[in-house]
Amino acid sequence: MAPDSGSFPEGPPLKLLPVDARDRGTQRCRLGPTALRALGAHLGSAVKISLPDGGSCLCTAWPRRDGADGFVQLDPLCTSPGTAVGAPGFRGIINLNRFRLVPCPPLRRLAVWPELREQAGASGAQSTAAVLEAVQELLRNRPVSQGHVVAAPPGAPGPVAALHIVSGAPSPNPAGLVTPRTHISLSEVPRSEEEPQSEVTLGGLSEAADSLRELLRLPLRYPRALASLGLEVPRGVLLAGPPGVGKTQLVRAVARETGAELLAVSAPALQGSRPGETEENVRRIFQRARELASRCPTLLFLDEVDALCPRRGGPHQAPESRVVAQVLTLLDGIAEDREVVVVGSTNRPDALDPALRRPGRFDREVVIGTPTLKQRKAILQVITSKMPVSGQVDLNLLAEMTVGYVGADLTALCREAAMQALLHSEKNQDNPTIDETDFLEAFKKIQPSSLRSVIGLTDIKPVGWEQIGGLEDVKLKLKQLEFQEIFNSNVMVVAATNRPDVLDDALLRPGRLDKIIYIPPPDEKGRLSILKVCTKNMPMGPDVSLEKVAAETCFFSGADLGNLCKEAALLALQENGLEATTVKQEHFLESLKTIKPSLSHKDLTLYKNLFQKKEFSILEDI
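Participant: Which residues make up the nonpolar core, and what values go with them?
Facilitator: Generally speaking, soluble globular proteins have nonpolar side chains that are buried together. With 29 residues, the main nonpolar core has Phe 286, Leu 300, Leu 308, Val 342 and Leu 356 as its most contacted residues. Examining the composition of this core, we find that seven residues originate from one element, helix H10 (residues 318–334), more than from any other. When neighbours within four sequence positions are excluded, Phe 286 is seen to be in contact with Leu 300, Leu 302, Leu 330, Leu 331, Ile 334 and Val 342.

Structure representation (structure tokens):
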């Protein structure tokens, strides 16, 4: 699989020129001398080009006839399905960093699935020997890549229109060379149908895959029958789910299984810099889907579609509104083509424009949530099936420990465990074994991405006891609880409320929130301690008496005292501007006129009466 276009930094740009007529059907890539030197390529070297739509093209390197630099001409004879040079992502420019030399060893065996021309397939007169002869002629001395399609040159005679590279020995991944000694065999069906492995490789996604298959199989495989029956079927499907759950992987697997041509596009890659360029790119990609559908059923996959079609209505969104309108028009138009299905994926369904989700457009939605316990076990079984995992590793236990982990997280977890095993197996580096300890170490580094908005991306600054003024009795009780929990379990649940009177009694029974600690408002000693913490880094004048401030702040909470100190500092700045160097007692007294306590005698009486009830007597036992 070619890398995603987002992973390529900018490199030397090469302007894409039309292929020379003499190079059509030769699988050659013409480059200038500077580019050839930069690649380290020799005449006929195999070069794989990663394309913006996620596909790739395999060519052989040749010098340009005019010796000019800064240009590229290529004949895309061998490409991944759905790829076309000149697609919207190109914009006439290919960066040199998308070219890489690949090893291309001679192949001993090669299995291909031939796609016959219409007249040949209809008459059935073509013998296997004739087809095999045409295949051998088409592949003579050519580099091929597993999963790619080798198209017959324009005007070439014979019954074969294209060849799907199924497998070979050695594996033609990334490339392999067909020689006169290569034994070529014909596969009756493509690899996707000959070896249906989607459910195994999609561990944990079988239910979502069934839903998607049901929506795609009928319109893609039986379009004419449905038309004759006058049935309307979904033409657009929206996949929604958090990042990393396998939305893209699911689409690719189901497309292979249904035999559909997959045209996968990252929606952000269609964004253009000049006015109207995005709409133009969108039109081209839909037109490309229609062209592919003229030969076989086609699935157009728009990944991260929310980036292309955000919700309209906000200010300064005229360009986005035009793009959304263009996509809506194209979706309505493509509904007439019964051999095209559009699938969009998003992890932000609420950010999509609602018009996309009405019937006739993305009228069916498949939601892929965070994996359940059963699904996590299935995913772990798939990932570890080819890993040297010790028999003592309990996948059931791992599945229980990975709440919130999506498929990508579990893959990263197993990869990290393998790295730990490699580091700890110095005496047995040839046959390292992954054991339970390696997984426990991996847990320290791999966090669940579905919870990162709460855990992984939140900077939680630790607070020491010395940063909390007063509340000495409460601190002691909390320390006792912490000591108890160390011996009981690795998890302690702490809940906070300022309305204990509205809590359900069932929540406060033993075994649930069974320890209740009342945090009272600070007394005068506690207020003094809090004021010292709040003014620790504040330059105060010699006349400031925090003791007097503490005596004047009855019913002030800790937050109120912090606000009081900030207000005193602001008064000092307002009085002396940038020349202010100290906060004086008068500033504290002045701030007391505006900052009022958030507590009252009535509030304290309510809490006192509440915590004297029988059900809260546990307070005295803590």
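Participant: Describe in detail the sheet that holds strand E19 (residues 364–367), supporting the description with residues and values.
Facilitator: Spatial strand order, E16-E17-E18-E15-E19: five strands in an open sheet with parallel pairing. In this open sheet, the two strands that pair with only one neighbour each are strand E16 (261–266) and E19. Taking the axes of each pair of neighbouring strands and ignoring which way they run, one obtains an average angle of 20 degrees across the sheet. Relative to E19, strand E15 (residues 236–240) runs parallel, the two being bridged by four bridges. Each residue of the ladder has a partner; that of Leu 239, found in E19, is Val 366.

Participant: Summarise the packing of helix H11 (residues 373–384) against helix H13 (residues 407–424); cite the residues concerned and give the values.
Facilitator: At a minimum axis separation of 10 Å, H11 and H13 run at an interaxial angle of 45 degrees. Classified by the angle between their axes, H11 and H13 sit oblique to one another. Viewed along their axes, H11 and H13 form a crossing whose handedness is right-handed. Contacts between H11 and H13 involve Arg 376, Ile 379, Leu 380, Ile 383 and Thr 384 from the first element and Gly 407, Leu 410, Thr 411 and Cys 414 from the second. Of the residues in the contact of H11 with H13, the class split is five nonpolar, three polar and one charged.

Participant: Pulling in residues and values, what's your account of the confidence of the model for the protein?
Facilitator: For the protein, the mean per-residue pLDDT works out to 78, and 78% of the residues sit at or above 70. Below pLDDT 50 for its whole length, residues 1–9 participates in 15 contacts with residues either more than four positions away or in separate chains. Low pLDDT, under 50, characterises residues 86–90; the predicted model gives this stretch 10 contacts beyond four residues in sequence or across chains.

Participant: Tell me about helix H18 (residues 558–576), and please be specific about residues and values.
Facilitator: Helix length check: H18 (19 residues) gives 28 Å between terminal C-alpha atoms against 27 Å at 1.5 Å per residue, within 8%. All buried positions along H18 are accounted for by Asp 560, Leu 561, Gly 562, Leu 564, Cys 565, Ala 568, Leu 571 and Ala 572. Residues of H18 that are buried in the fold lie against helix H16 (524–534), helix H17 (546–551) and helix H19 (585–591).

Participant: Mind laying out the environment of Pro 76, listing which residues take part and the relevant values?
Facilitator: Residue position: Pro 76 is located in the loop between strand E5 (71–74) and strand E6 (78–79). For the pair formed by Pro 76 and Arg 28, sequence separation is 48 residues and the distance between their alpha carbons is 8.1 Å.

Participant: With reference to specific residues and values, describe the pattern of salt bridges.
Facilitator: Counted by the stated rule, this structure contains 20 salt bridges. Arg 358 serves as the salt-bridge partner of Asp 332, at 3.7 Å between the closest nitrogen and oxygen. Within this pair, whereas Asp 332 is found in helix H10, its partner Arg 358 is found in the loop between strand E18 (340–346) and E19, the two being separated by 26 residues in sequence. Residue classification places Asp 332 among the partly exposed residues on the basis of a relative accessible area of 32%.

Participant: Kindly report on the environment of Val 474, identifying the contributing residues and their values.
Facilitator: Along the chain, Val 474 falls in helix H15 (residues 472–488). Each C-alpha atom of the pair Val 474 and Pro 520 lies 8.8 Å from the other, and the pair is 46 residues apart in sequence. Contacts of Val 474, omitting those with residues within four sequence positions, involve Ile 517, Tyr 518, Ile 519 and Pro 520.

Participant: Give me the pairing of strand E12 (residues 160–169): which residues, what numbers.
Facilitator: With respect to burial, E12 is a largely interior element, seven of its 10 residues being buried. As defined by bridge partners, strand E9 (residues 109–116) adjoins E12 across eight bridges and the pair is classed as antiparallel. Residue pairing for E12: Trp 113 is matched across the bridge by His 164. Pairing analysis gives three bridges linking strand E11 (residues 149–151) to E12, with the strands arranged antiparallel.

Participant: I'd like a description of the pairing of E15, backed by residues and values.
Facilitator: Of all the five residues making up E15, five are buried; the element is thus mostly covered by neighbouring parts of the structure. Residues of E15 alternate between two faces, with Gly 236, Leu 238 and Ala 240 on one and Val 237 and Leu 239 on the opposite face, all of them buried.

Participant: Got a sec to walk through the side chain of Thr 346? Specific residues and values, please.
Facilitator: The topology assignment puts Thr 346 in strand E18. Only 2.7 Å separates the side chain of Thr 346 from the side chain of Asp 306, close enough to count as a polar contact. One polar contact links the side chain of Thr 346 to the main-chain amide nitrogen of Arg 348, over a distance of 2.8 Å. Excluding anything up to four places from it in sequence, Thr 346 contacts Leu 238, Leu 239, Ala 240, Gly 241, Lys 247, Val 305, Asp 306 and Leu 352.

Quick notes on the rules
Residues numbered from 1 in each chain as written. Predicted model: local features only at pLDDT ≥ 70, side-chain atom pairs only at ≥ 80, totals over all residues. Heavy atoms only, no water. Core = buried A, V, L, I, M, F, W, Y, C linked by side-chain atoms within 4.5 Å. Buried < 20%, exposed > 50% of the residue type's maximum accessible area, 1.4 Å probe, protein only. Helix = DSSP H or I, 4+ residues; strand = E, 2+ residues; numbered from the N terminus. Contact = heavy atoms within 4.5 Å. Pairing = 2+ DSSP bridges. Axes fitted to C-alpha atoms, helices over the stretch in contact; angles between N-to-C directions. Parallel < 35°, antiparallel > 145°, perpendicular 65-115°, else oblique. Left-handed = near helix turned anticlockwise from the far one by under 90°. Nonpolar A, V, L, I, M, F, W, Y, C, P; charged D, E, K, R; others polar. pLDDT = per-residue confidence, 0-100. Expected span 1.5 Å × (residues − 1). Salt bridge = Lys/Arg side-chain N within 4 Å of Asp/Glu carboxyl O. Polar contact = N/O pair within 3.5 Å; in protein donor to acceptor, adjacent residues only side chain to side chain.

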